There are 2 protein chains.
Amino acid sequence: MHLDESSPTPLYRQIYDSIREDIAGGTYPVGSKLPSIRGLAEELHCSRNTIDSAYSMLVEEGFVTGRPGSGYIVQDRSHLLEGVDALPAPRSWQSSPAYRPGARYDFTYGNLEPGTFPATAWRAIVDDLLLSVDGLACNVYTNPAGEEELRREIAWRLTRLRDVDCSPDQVIVQAGTAASVQNLLTLFDSVHDVVAMEDPGYDGVRQVFSRSTFKVMPCRVAGPVEEFFEDLEACHPKLVYVTPSSQFPTCRVMPIKARARLIAWAEANDAYILEDDYCRDFRYTERPLPPLQSMDQSGRVVYMGTFSKSLSPAMRLNYLVLPPKLLDRWNEQFRNSYPTVPWLSQAATARFMASGQWERHLRKLQMKNLRKYKALTSALREEMGDAVDILENGTGLHLLVDVKDGRSQDELIALARASDVAVYGTDRYWQSPEHPLKSCVLVGFSAIAEEDIAPGVRALASAWFS
Amino acid sequence: MHLDESSPTPLYRQIYDSIREDIAGGTYPVGSKLPSIRGLAEELHCSRNTIDSAYSMLVEEGFVTGRPGSGYIVQDRSHLLEGVDALPAPRSWQSSPAYRPGARYDFTYGNLEPGTFPATAWRAIVDDLLLSVDGLACNVYTNPAGEEELRREIAWRLTRLRDVDCSPDQVIVQAGTAASVQNLLTLFDSVHDVVAMEDPGYDGVRQVFSRSTFKVMPCRVAGPVEEFFEDLEACHPKLVYVTPSSQFPTCRVMPIKARARLIAWAEANDAYILEDDYCRDFRYTERPLPPLQSMDQSGRVVYMGTFSKSLSPAMRLNYLVLPPKLLDRWNEQFRNSYPTVPWLSQAATARFMASGQWERHLRKLQMKNLRKYKALTSALREEMGDAVDILENGTGLHLLVDVKDGRSQDELIALARASDVAVYGTDRYWQSPEHPLKSCVLVGFSAIAEEDIAPGVRALASAWFS
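A short tour of the structure in this document, coming up. Throughout this description, residue numbers start from 1 for each chain and increase along the sequence as written. Labels follow written order: the first chain is A, the first ligand is 1, and so on. It should be noted that, the model being predicted, local features are given only for residues of pLDDT at least 70 and side-chain atom pairs only at 80 or more, the latter also being counted only at that level, while totals for whole chains, interfaces and linings use all residues. With hydrogens and water set aside, each side-chain value is computed from the structure's full complement of heavy atoms.

**Here we look at the packing of aromatic side chains**
To describe a pair of aromatic rings, one takes the distance between the centres and the angle between the planes.
Consideration 1: Only the six-membered ring of Trp is used, alongside the rings of Phe and Tyr, when aromatic pairs are assigned; centres must lie within 6.5 Å, and planes under 30 degrees apart are stacked while those over 60 apart are edge-to-face, with the rest tilted. In this structure the tally under the stated criterion is 36 aromatic pairs over all chains.
Consideration 2: In textbook terms, an aromatic cluster arises when at least three aromatic residues are bridged by ring pairs, as seen for Phe117, Trp122, Phe307, Tyr319, Phe352 and Trp358 of chain A.
Consideration 3: The positively charged end of Arg261 of chain B is found above the aromatic ring belonging to Phe229 of chain B, 4.1 Å away from the centroid. We count a charge as sitting over a ring when the NZ of a lysine or the CZ of an arginine lies within 6 Å of the ring centre and within 35 degrees of the ring normal.

And the structure:
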């Protein structure tokens, strides 16, 4: 055995590795005895403690039995792990770039700018959680509806800031919008119930609906609001998915009268409304209308919120607020299930919120997005003027640009790409490929850097109009 | 403004807090000017840098605009966040005990012993990931099928250690067994297809099946193996859920001939087998039979594995290995979806595996569970002798104790509880409340401490037989 004192691998680890090799290679067959600690320490000119550490690891992992004084005997552990002992040495880690921009100027929607996630604060919180008694929760199955602390933090803010009337019990922590909707659907009757959703609308939800056996009906939202109710009343859904505070992707706000009418409709028809309030954290011009949930007196609204836009899309963390009747059904269905979000994600988020870091983080992000919103809208007005209409409502992380000269979105997107600018179509959000917003492109500003917005819009204007 | 130099709150933070209070309280109304940095520094006898840090936070969070030299003006940000500025100060964190044992001696199944999760290694890995360029992934939506690195680590071990024939592409990272099965079901036709599962069988899967609209048929596994095939062949399922390496909860091993027959049946009937190999990491007496997946030549087996027993039940991390035909369907259904497991959980697990820490962790845990298995089986034999039959197969984290004097499990469980020992029934694992294992109780050893096993069994024996 040759020890390398200059190696970054500690001596006890070198000894452990070497003996493992000797056992695997037959130098120490099953039943044979390892050298005594004292003898090996003398032979290798190192301390007995070093040998002792190496031998303890070997005992702990079952390669040998024994203890100091009575000798260490090599064990047969071939049945224990199907040959895992023979796995080769650790491999080096390859970082893979998380996100490749689609172009020099990428106006994508959804991803966030590098640096948005509060990584430093998170490291400290994870450290603290794993060091404390809380960390013991890693070893057990926790509450299927989510961690109490997190549900309390969410409910408290919803009540206080959004007039959403709820107790922590009604808050169900989920692993993203799709998972939430998939689980919510199990509370309905997929053979007899119809579900409805906005058209155009968020494709993630449409995909979940279409993977189910529910009949899915579109309700038009790009025209007059009357069309929406016409469709809704014609199809008798038990559940309708809407984004009233900023319709995705049209950026329309549902007027207050339409809100009241929708709630009354649900009440009269024993139906439920799934209100996806995905972008309420970001308002740039005026206070938003109250959520449907806050206007609902009869428990017809399921409120859904997310951490993807304000904290991390990669954390897969959102929540539902269930009205009492659906909460009972939910608890009946999922009482004996397991949570779908890791305890550590939930506990760290709760801690981040409870410590007040959440509010500071959010304020900074709001200011950043406000600057980006202003930069984008003023660059568009400056560079494109009357050639386009801008569809936005002073909220969220995207807007629509309607190019008035009759060119299609495919053509506009291709021209942009040729100039290394990525903008996006809206086809995927529609129920059918024929739709009235063929001249609109979606321009997001969540992922692009603030300083790239003005030059990006200039490049886009020149691609389209020069 | 009064600064407290002895406070643990840094001075700049005290200044920031104080000015925020003054803004909220109207001392500095919207449009008013804050004191100059220089003036305030002199007044408070502190450095300009301190004031500058406080003012920078206020600017960053939008309370004021301005920069050194030109003055700081209080802003109206009432529309930005619905009053979040007025939220009270951070609350202190309340640790909640993660796990309350059901009794002095709790032989529960599933939860792991405190200390199982490798918290120290995890902290280092999370630290490292969040500090490195990898951490940028927190800001974006990642691969819906799971992180490449993790899928590679899993596939490599499966191929090498379990003869499971798969590429990383076939490995789909999921948020636990229930989520996996729920998603897998979307690849089948819920109106026309029948699914089947073992009876008794894991209730988590039965719950998912019963929340769906699939017709669910039980296949008997507590009697002769012929009964299983009788039921299977009678109900024509498209998917059958089995736990061949250690049937849950009976601990039976599916014989090799039955395995071959099951695969041939699937091939002949265009059906799929969902093989849940939930406890393969823990074998105490002999090498296990090869997984069904390794015997399958025609792509009829979906293999499912979990990290809940060997790493953390609270992490919500498992995986499916899909055969090519189902993989195509899966990709079609979920290509545009989002992952269901946080990037950080996936990346940390991959790093833990790639570094070789996984194997060392697993070996230690195997040795620990081996000791617990031996302690439990020998204590049961010693304390209860011929009064009971022990149903186990030298694997997993539980066994069944069949009390031969005809008392029911309810009676036995109640007697145990009265002596502060928790053992469990098997009713929940059966399709119907009538079943032949009424005198069996489930005794788990994943959560109980090694040193509590012998005294716990003594207390149980005295509760039952004295």
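**Some points on the relation of the copies chain A and chain B**
Consideration 1: Only residues with pLDDT of at least 70 in both copies count here: their C-alpha atoms drive the least-squares fit that superposes the copies. Overlaying chain A with chain B gives an RMSD of 0.1 Å, the required rotation being 180° about an axis along which the chain moves by 0.0 Å. Put plainly, the chains are arranged around a two-fold axis.
Consideration 2: In what follows, residue pairs with any heavy atoms lying within 4.5 Å of each other are defined as contacts. Mapped onto chain B, 100% of the interface residues of chain A are again interface residues, and the two copies thus contact each other with one and the same surface.

**Description of the interface of chain A and chain B**
Consideration 1: The partner chain B presents 112 residues to the 111 residues of chain A that form the contact.
Consideration 2: Between chain A and chain B, the buried area comes to about 9700 Å², and carbon and sulfur atoms account for 55% of it.
Consideration 3: A pair is scored as a salt bridge if a Lys or Arg side-chain nitrogen falls within 4 Å of a carboxyl oxygen belonging to Asp or Glu. The interface formed by chain A and chain B contains four salt bridges.
Consideration 4: Between Glu61 of chain B and Arg363 of chain A there is a salt bridge whose closest N-O contact spans 2.6 Å.
Consideration 5: Any N or O atom pair separated by 3.5 Å or less is treated as a polar contact, with the protein-specific requirement of one donor-capable and one acceptor-capable atom, and with residues adjacent in sequence counted only for side-chain atom pairs. Joining chain A to chain B, the criterion identifies 26 residue pairs in polar contact (both at pLDDT 80 or more).
Consideration 6: Residues are sorted three ways: Asp, Glu, Lys and Arg are charged, Ala, Val, Leu, Ile, Met, Phe, Trp, Tyr, Cys and Pro are nonpolar, and all the rest, Gly among them, are polar. For the side of chain A that touches chain B, the per-class residue count stands at 51 nonpolar, 29 polar and 31 charged. Defined here as a combined quantity, buried area equals the accessible surface (1.4 Å probe) lost by two parts on assembly, summed across both.

**Observations regarding the packing of helix 8 (residues 225–235) of chain B against helix 9 (residues 256–268) of chain B**
Residues and elements named next belong to chain B.
Consideration 1: In this analysis an axis means a line fitted to C-alpha atoms, helices contributing only their contacting stretch, and an angle means the value between N-to-C directions, from 0 to 180 degrees. Each helix is a run of H or I in the DSSP string that is no shorter than four residues. Each strand is a run of E no shorter than two, and both are numbered from the N terminus. Two elements in contact, helix 8 and helix 9, have axes separated by 11 Å at closest approach and are oriented at 5°. Here helix 8 is positioned roughly parallel relative to helix 9, judged by the angle of their axes. Of helix 9, the residues touching helix 8 (which contributes Val225, Glu226, Phe228, Phe229, Leu232 and Glu233) are Ala258, Arg261, Leu262 and Trp265.
Consideration 2: Its residues assigned to classes, the contact of helix 8 with helix 9 comprises seven nonpolar, no polar and three charged. Angles are sorted into four bins: roughly parallel if under 35 degrees, roughly antiparallel if over 145, roughly perpendicular if 65 to 115, and oblique for all others.

**Quick notes on the pairing of strand 10 (residues 318–321) of chain A**
All names here are of chain A.
Consideration 1: Every second residue of strand 10 is oriented toward a common face, with Asn318 and Leu320 on one face and Tyr319 and Val321 on the other, all of them buried.
Consideration 2: DSSP bridges decide pairing: two strands pair if at least two such bridges lie between them. Of the strand pairs in this sheet, strand 9 (residues 301–306) and strand 10 are connected by four bridges, and their pairing is antiparallel. Considered in strand 10, the bridge of Met304 is made with Leu320. Here the term buried applies to any residue with accessible area under 20% of the maximum for its type, exposed to any over 50%, and partly exposed to those in between, with areas from a 1.4 Å probe on protein chains only.

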